[in-house]
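Reading the structure
Single-letter residue listing:
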Amino acid sequence: IIKDSIQLVDARLIYLQCELLSGNDNFITTTFERNVELISDKDANIYLSTTLEFEKDSQFSLHCIHKGHCLATLDLNEVEFERYLYSIAVPLLLPYARECVANTMIRMGLAPYNLPTMDILLSDESNNRENEGGE
């Protein structure tokens, strides 16, 4: 096993808002937003906000935010560190969001919804193009 130069040392749910409504449960989209908060050149927090948006008159709504604490084991400048954390925030925290969504729905008496599986390599490539000003 080859360890990454940046390690996720803690992850936790910091916000959860969900509501049981009436109607159908047809999903429209799942939205992810990410953020990086640098503490130093080797210490940072990453955030993943997950929102499930549903069709009109759905029976459920959910928004959760997960926070991860990351430490770098190699010397990186702050720009490289922040850019790398931004690109890996979703892959690192998505398993926590997936578990939160599925278990919350089960506890509310609904069938669990599984967040989509990601292609981490393709996502990373896309993130790198975005950071370089590409498509």
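Shown above is the structure to which this text applies.
The rules behind these values
Residues numbered from 1 in each chain as written. Predicted model: local features only at pLDDT ≥ 70, side-chain atom pairs only at ≥ 80, totals over all residues. Heavy atoms only, no water. Helix = DSSP H or I, 4+ residues; strand = E, 2+ residues; numbered from the N terminus. Buried < 20%, exposed > 50% of the residue type's maximum accessible area, 1.4 Å probe, protein only. Contact = heavy atoms within 4.5 Å. Areas by Shrake-Rupley, 256 points an atom, 1.4 Å probe, with all protein chains shown as cover. Core = buried A, V, L, I, M, F, W, Y, C linked by side-chain atoms within 4.5 Å. Expected span 1.5 Å × (residues − 1). Bend = angle between axes of the 7 residues up to and from the residue. Polar contact = N/O pair within 3.5 Å; in protein donor to acceptor, adjacent residues only side chain to side chain. Pairing = 2+ DSSP bridges.

Scanning the chain from N- to C-terminus turns up 2 helices and 4 strands. When the helices and strands of the chain are placed in sequence order, the string is β-β-β-β-α-α. For the chain, the residues scored as buried account for 30% of the 135 residues in total. Considering only contacts in the chain between residues 6 or more positions apart, those separated by 24 or more positions represent 71%. Carbon and sulfur atoms provide 50% of the accessible area of the chain, an area that totals close to 8300 Å².

It is worth spelling out the nonpolar core at this point. If you look at the biggest cluster of nonpolar residues, it comprises 25 residues, and the most contacted ones within it are Ile 6, Ile 46 and Leu 85. Among the elements of the structure, strand E3 (43-54), strand E4 (60-72) and helix H1 (78-107) are those that each provide at least two residues to this core. Ranked by the residues each element gives to this core, the list is headed by H1, at 11 residues. Sequence-distant contacts of Ile 46, that is, excluding residues within four places in its chain, are made with Asn 35, Val 36, His 66, Lys 67, Gly 68, Cys 70, Leu 85, Ala 89, Leu 92 and Leu 93.

On to H1, then. The first and last C-alpha atoms of H1 sit 41 Å apart over 30 residues, in line with the 44 Å expected at 1.5 Å per residue. Its maximal kink placed at Ile 88, H1 deviates by approximately 45 degrees, while the proline Pro 91 follows within four residues. Between a side-chain oxygen at the N-terminus of H1 and the backbone nitrogen of Val 79 the separation is 3.0 Å; the capping residue is Asn 77. Residue Gly 109 follows H1 closely and has a positive phi angle near 80 degrees.

Let us now look at the pairing of E3. Extensive coverage of E3 is indicated by the burial of 10 of its 12 residues. Pairing between E3 and E4: 10 bridges, direction antiparallel. Its bridge partner lying in E4, Leu 52 is registered against Leu 62.

Attention shifts here to the side chain of Thr 50. Residue position: Thr 50 is located in strand E3. The contacts of Thr 50, once residues within four sequence positions are left out, are Thr 30, Thr 31, Phe 32, Leu 62, His 63, Cys 64, Ala 97 and Leu 115.

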